[in-house]
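# Structural features, examined
In case you want the letters, here they are:
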Amino acid sequence: MKYLFREGKGSNGLTFLLLHGTGGNEEDLLPIAALIDSEANILSVRGNVLENGMPRFFRRVAEGVFDEEDLIFRTKELYSFVKEKADEYGFDAQKVVAIGYSNGANIAASLLFHYENALKGAILYHAMVPLKGLTLPDLSNSSIFIGAGKQDPLIPAAETEELITLLQGSHANVTSFWQEGGHQLTRDEVEESKRWFIQTFK
Ligand code: MLT
């Protein structure tokens with residue numbers, strides 16, 4: 001997988017796992033990570049599935065309709081990749097906080113749905129329910145921020161509510177932030193996620 005790693009100067013040992021949206025790359029979320037905590041380590045990954053030349057983290061059949069087999073396979077691949085990079089660079093795999101937008105938020109949610117200690121925290125901007133009908137692991141060690149748009153044409157509010165309910169049902173500590181806008185990432189949302197991050201991890 002293509003990626004970049006930057007060692008931070010922070011003393012809290014946190015590592016941001018950056019996961020871009022469809023058509024993005026490993027550079028996209030660097031300014032957001034810098035705004036939220038400029039001292040965290042950064043592991044930023046480029047999705048290794050291409051859809052008409054656009055990088056993604058797993059295949060989809062149509063917009064919002066996922067190739068579930070591929071999603072499960074790529075989730076496991078990403079989970080192993082993070083562990084491998086933790087060994088290689090010497091960061092703590094138990095202190096990873098994902099920051100994902102759209103397709104990247106969906107695979108971050110899938111990590112949470114599949115693995116108990118994959119993520120200490122997650123900032124999910126415009127995420128969907130990645131898979132239906134799963135029994136989630138115990139997420140009592142994970143804190144999650146969900147940013148959503150009330151007018152998001154890709155993600156009905158009911159789906160975001162379902163995601164929140166599923167994560168809370170598995171004992172995750174979930175904070176949600178709703179704004180009037182659509183699927184785009186907004187400054188307000190990023191600022192709010194920064195406030196949440198400082199309260200939760202600093
Ligand atoms: C997805 O495929 O993950 C969602 O449809 C969001 C997107 O990437 O457009």
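Note: the structure precedes this text.
Structural notes, computed from the coordinates. These figures come from a predicted structure and were not determined experimentally. (Residues numbered from 1 in each chain as written. Predicted model: local features only at pLDDT ≥ 70, side-chain atom pairs only at ≥ 80, totals over all residues. Heavy atoms only, no water.)

### Some points on the packing of helix H2 (residues 68–89) against helix H3 (residues 103–114)
Between H2 and H3, the shortest axis-to-axis distance is 10 Å and the interhelical angle comes to 85°. Viewed along their axes, H2 and H3 adopt a mutual orientation that is roughly perpendicular. Between H2, through Leu71, Ile72, Arg74, Thr75, Leu78 and Tyr79, and H3, the contact on the second element is made entirely by Ile107, Ser110, Leu111 and His114. Residue classes in the contact of H2 with H3 are distributed as six nonpolar, three polar and one charged. (Axes fitted to C-alpha atoms, helices over the stretch in contact; angles between N-to-C directions. Helix = DSSP H or I, 4+ residues; strand = E, 2+ residues; numbered from the N terminus. Parallel < 35°, antiparallel > 145°, perpendicular 65-115°, else oblique. Contact = heavy atoms within 4.5 Å. Nonpolar A, V, L, I, M, F, W, Y, C, P; charged D, E, K, R; others polar.)

### Structural notes on H2
Between the first and last C-alpha of H2 there are 31 Å, a value that for 22 residues agrees with the 32 Å anticipated at 1.5 Å per step. Those residues of H2 that sit buried are Asp70, Leu71, Arg74, Thr75, Leu78, Phe81, Val82, Lys85 and Ala86. Down the axis, H2 shows its buried residues gathered within 140° of arc, on one side only. Across H2 from its buried face, at more than 90 degrees, point the exposed residues Glu69, Lys76 and Asp87. Just downstream of H2 lies Gly90, where phi reads positive at about 75°. (Expected span 1.5 Å × (residues − 1). Buried < 20%, exposed > 50% of the residue type's maximum accessible area, 1.4 Å probe, protein only. Arc of directions from axis to C-beta.)

### A word on the sheet that holds strand S9 (residues 121–125)
Sheet strands associate in pairs through backbone hydrogen bonding, adopting either a parallel or an antiparallel arrangement. Judged by pairing direction, the sheet is mixed, and its seven strands sit side by side in the order S1-S3-S2-S8-S9-S10-S11 without closing on themselves. Of all the strands in the sheet, just strand S1 (3–6) and strand S11 (173–179) have a single pairing partner and so form its edges. With strand direction ignored, the average angle separating the axes of adjacent strands in the sheet is 10°. When strand S2 (residues 15–19) meets strand S3 (residues 41–45), the two strands line up parallel, connected through five bridges. Within S3, the position partnered with Leu17 by the bridge is Leu43. (Pairing = 2+ DSSP bridges.)

### Looking at unusual backbone geometry
Residues other than glycine seldom take positive phi values, yet Asn52 does so here, at roughly 50°. Inspection of the secondary structure assignment puts Asn52 in the loop between strand S4 (49–51) and strand S5 (54–56).

### So, the site of the ligand
Taken together, the neighbourhood of the ligand is formed by Thr22, Arg56, Phe58, Arg60, Gly64, Phe66, Ser102, Asn103, Asn106, Met128 and Leu154. Separating an oxygen atom of the ligand from a side-chain N or O atom of Asn103 is a distance of 2.9 Å. Residues of the shell around the ligand, tallied by class, amount to four nonpolar, five polar and two charged. (Near = heavy atom within 4 Å. Polar contact = N/O pair within 3.5 Å; in protein donor to acceptor, adjacent residues only side chain to side chain.)

### Brief notes about the nonpolar core
Counting residues in each nonpolar core, the largest one holds 43 residues, and the members touching the most others are Leu17, Leu19, Leu119, Leu124 and Leu167. The set of elements that each furnish at least two residues to this core consists of S2, S3, H2, strand S8 (96–101), H3, S9, strand S10 (143–149) and helix H4 (157–169). The element best represented in this core is H3, accounting for seven residues. Contacts of Leu124, omitting those with residues within four sequence positions, involve Gly100, Ala105, Ala108, Ala109, Leu112, Ile144, Phe145, Ile146 and Gly147. Counting 22 residues, the second largest nonpolar core, distinct from the first, contains Leu4, Phe16, Tyr101 and Phe201. (Core = buried A, V, L, I, M, F, W, Y, C linked by side-chain atoms within 4.5 Å.)

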